[in-house]
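Structural characterization, general
Listed below are the residues making up each chain.
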Amino acid sequence: MDEHTLPSRSFGSVSVAMVTPFHADGALDVDAAVALATTLVDQGCDSLLLSGTTGESPTTHQPEKDVLVREVCAAVGNRAMVIAGAGSNDTAHAVRIARGAEKSGAQGLLVVAPYYNRPSQEGVYQHIVNVTEATDLPVMVYDIPGRTGVRLELDTLLRLAEHPRIHAVKDATGDVAAGFVKMARTGLEYYSGDDALNFAWLAHGASGVISVAGHVIAARLRALVEQVDAGDLPAARREAAAQRHIISAIMGSGQGAVMAKEALKLLGIIPSATLRLPLVGASTAQIAELAEALRAEGLLAS
């Protein structure tokens with residue numbers, strides 16, 4: 001692929017939706033978060049998403065979110081873009097989160113459609129625009145109807161694309177055919193929000209991936225992006241196929257935050273897999289299956 005045909009990448013090309021490490025008592029573990037962020041950037045991430053759903057954003061509070069952004073920015077902000085989640089089904093709350101993230105040093109925002117309320121498309125539009133206009137940061141919109149209960153329709157995305165600070169969409173709809181149409185029609189940068197579909201998105205011109213499995217395969221995701229950029233689709237296809245086992249191990253239960261933390265603990269990258277309710281830890285059987293997958297991929301010693 002010629003360099004002039006590469007997609008624009010306002011939010012990097014390989015990002016991880018980072019877990020938020022906690023101590024065994026449930027308190028925020030800032031040191032572990034900084035160490036994890038540094039490790040991920042060393043392995044090839046050029047952006048990190050903090051306080052997304054994988055980061056347990058519904059159960060972390062704004063002072064914690066601000067500390068997390070501030071400390072990770074201090075550690076890696078000159079080497080990778082730090083994106084902060086500003087998600088809430090209360091628009092005023094999302095605005096406060098966004099402003100706190102900006103003051104703490106975030107370089108971009110992820111704004112999810114309001115969840116549970118199931119607002120109209122006009123309500124979704126007004127929510128996202130209000131959060132966008134609360135700061136001067138570039139915004140990526142997050143379309144994940146399986147969690148929010150509301151889809152971002154094409155007409156809504158076309159309106160959002162007119163805003164000068166809305167640059168991108170993280171798509172976790174599972175509907176890649178519709179996503180390809182939206183990407184072409186809106187001109188927005190698209191990012192794969194589903195690890196199983198990373199290759200499909202990249203091959204169709206997406207700007208990058210925002211991964212959960214990247215907690216353990218960031219370097220391989222970097223290789224995948226570079227292969228697609230180089231136009232070597234056969235190599236990229238082989239790499240994507242080779243990643244399926246570990247992606248299934250992390251994401252197959254539908255609890256990416258749970259399994260990513262368990263994987264990081266098994267690998268000795270974070271000291272605790274502690275979660276905040278309502279999330280609970282993986283079962284003994286799930287952890288054993290995960291460990292076997294990590295060993296099979298050469299990530300964990302036998």
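Residues numbered from 1 in each chain as written. Predicted model: local features only at pLDDT ≥ 70, side-chain atom pairs only at ≥ 80, totals over all residues. Heavy atoms only, no water.

Observations concerning the sheet that holds strand β1 (residues 14–17)
Condition: Paired strands, as defined in this entry, are two strands with at least two bridges between them according to DSSP. Helix numbers and strand numbers start at the N terminus; a helix is a DSSP run of H or I with at least 4 residues, a strand a run of E with at least 2. Every angle, taken between N-to-C directions, lies between 0 and 180 degrees, and every axis is a line fitted to C-alpha atoms, over only the stretch in contact when it is a helix. Contacts between residues were defined by any pair of non-hydrogen atoms, one from each residue, lying within 4.5 Å.
As summarised here, the arrangement of the 8 strands in space is β1-β2-β3-β4-β5-β6-β7-β8, forming a closed barrel in which the pairing is parallel. Neighbour-to-neighbour, the strand axes of this sheet turn through a mean angle of 25°, independent of strand direction. Sheet topology places strand β7 (residues 189–192) next to strand β8 (residues 208–211); 2 bridges connect them, and they run parallel. Bridged to serine 192 within β8 is valine 209. Each of β5 (139–143), β6 (166–171) and β7 touches helix α7 (residues 176–186); the most contacted strand, β7, lies at about 155° to it.

Side note on the UniProt feature "active site" (unreviewed entry) in the chain
For clarity, the threshold we go by: UniProt positions are given in the numbering used here, feature names are shortened, and annotations may be inferred rather than shown by experiment.
Taken from the UniProt record, the annotation "active site" (unreviewed entry) applies to Tyr142 and Lys170. Spanning 29 residues, the named residues form one tight spatial group whose C-alpha atoms are at most 4.7 Å apart. Mapped onto the elements of the fold, tyrosine 142 is located in strand β5. Ignoring any residue separated from it by four or fewer positions in sequence, one finds tyrosine 142 in contact with Leu110, Val111, Val112, Ala113, Leu152, Lys170 and Ala172. Ignoring sequence-local partners within four residues, the contact set of lysine 170 consists of Ala17, Leu49, Leu110, Met140, Val141, Tyr142, Asp143, Tyr191, Gly193 and Ile210.

Re the pairing of β7
For clarity, the cut-off: Exposed residues in this analysis have more than 50% of their type's maximum accessible area, buried residues have under 20%, and partly exposed residues fall in between, with area computed by a 1.4 Å probe over protein chains only. By convention, orient the strands away from the viewer: a clockwise path from the first strand over the helix to the second makes the crossover right-handed.
Side chains Glu189 and Tyr191 of β7 all project onto a buried face; the interleaved residues Tyr190 and Ser192 project onto the opposite face, where all are buried too. The parallel pair β6 and β7 is bridged by α7, and the resulting crossover is right-handed.

Regarding the nonpolar core
Most often, soluble globular proteins have nonpolar side chains that are buried together. As a reminder of what qualifies: For our purposes a nonpolar core is just a set of buried Ala, Val, Leu, Ile, Met, Phe, Trp, Tyr and Cys residues, chained together by side-chain atoms within 4.5 Å.
Counting residues in hydrophobic clusters, the biggest one holds 82 residues, and the most contacted among them are Met18, Leu48, Val72, Leu109, Ile128 and Leu160. Ranked by residues supplied to this core, first place goes to helix α9 (residues 214–229) with 7 residues. Beyond its immediate chain neighbours, meaning those up to four positions away, isoleucine 128 contacts Val111, Val141, Leu152, Leu160 and Ile166. Listed in part, the 14 residues of the second largest apolar core include Leu110, Val112, Met140 and Tyr191.

Comments concerning the pattern of salt bridges
Our working rule: The salt bridge definition used is simple: a Lys or Arg side-chain nitrogen within 4 Å of an Asp or Glu carboxyl oxygen.
Enumeration according to the criterion identifies 10 salt bridges in this entry. In this structure, aspartate 229 and arginine 9 form a salt bridge, with 2.9 Å as the shortest nitrogen-oxygen distance. In this pair, aspartate 229 is assigned in helix α9 and arginine 9 in the segment before β1, connecting sequence segments 220 residues apart. For arginine 9, a relative accessible area of 26% puts it in the partly exposed group. Among the charged side chains, a salt-bridge network with shared partners connects Arg220, Glu239 and Glu297.

Things to note about the packing of aromatic side chains
For clarity, the cut-off: Note on ring pairs: Phe, Tyr and Trp rings are taken, using the six-membered ring of Trp, and paired if centres are within 6.5 Å. Classes follow the plane angle, with under 30 degrees stacked, over 60 edge-to-face and the rest tilted. Two limits define a charge over a ring: the Lys NZ or Arg CZ must be within 6 Å of the ring centre, and within 35 degrees of the ring normal.
Enumeration over the complete set of coordinates arrives at 3 aromatic pairs. An angle of 80° between the planes, with centres 5.1 Å apart, marks the rings of phenylalanine 180 and tryptophan 201 as edge-to-face. Highlighted residues: phenylalanine 180 in helix α7 and tryptophan 201 in helix α8 (residues 198–203), separated in sequence by 21 residues. Taken together, the ring pairs in this structure connect Phe180, Tyr190 and Trp201 into an aromatic cluster. Lying over the aromatic face of tyrosine 125, arginine 159 brings its terminal NZ or CZ to 3.7 Å of the ring centre.

Considerations on unusual backbone geometry
In this chain, leucine 277 is followed by proline 278 through a cis amide linkage whose omega measures 20°. One non-glycine residue with positive phi stands out, namely serine 51, at about 60°. Positionally, serine 51 belongs in the loop between β2 (47–50) and α2 (62–76). Of note in the backbone geometry, glutamate 56 takes a positive phi value of approximately 60° without being a glycine. In this fold, glutamate 56 is placed in the loop between β2 and α2.

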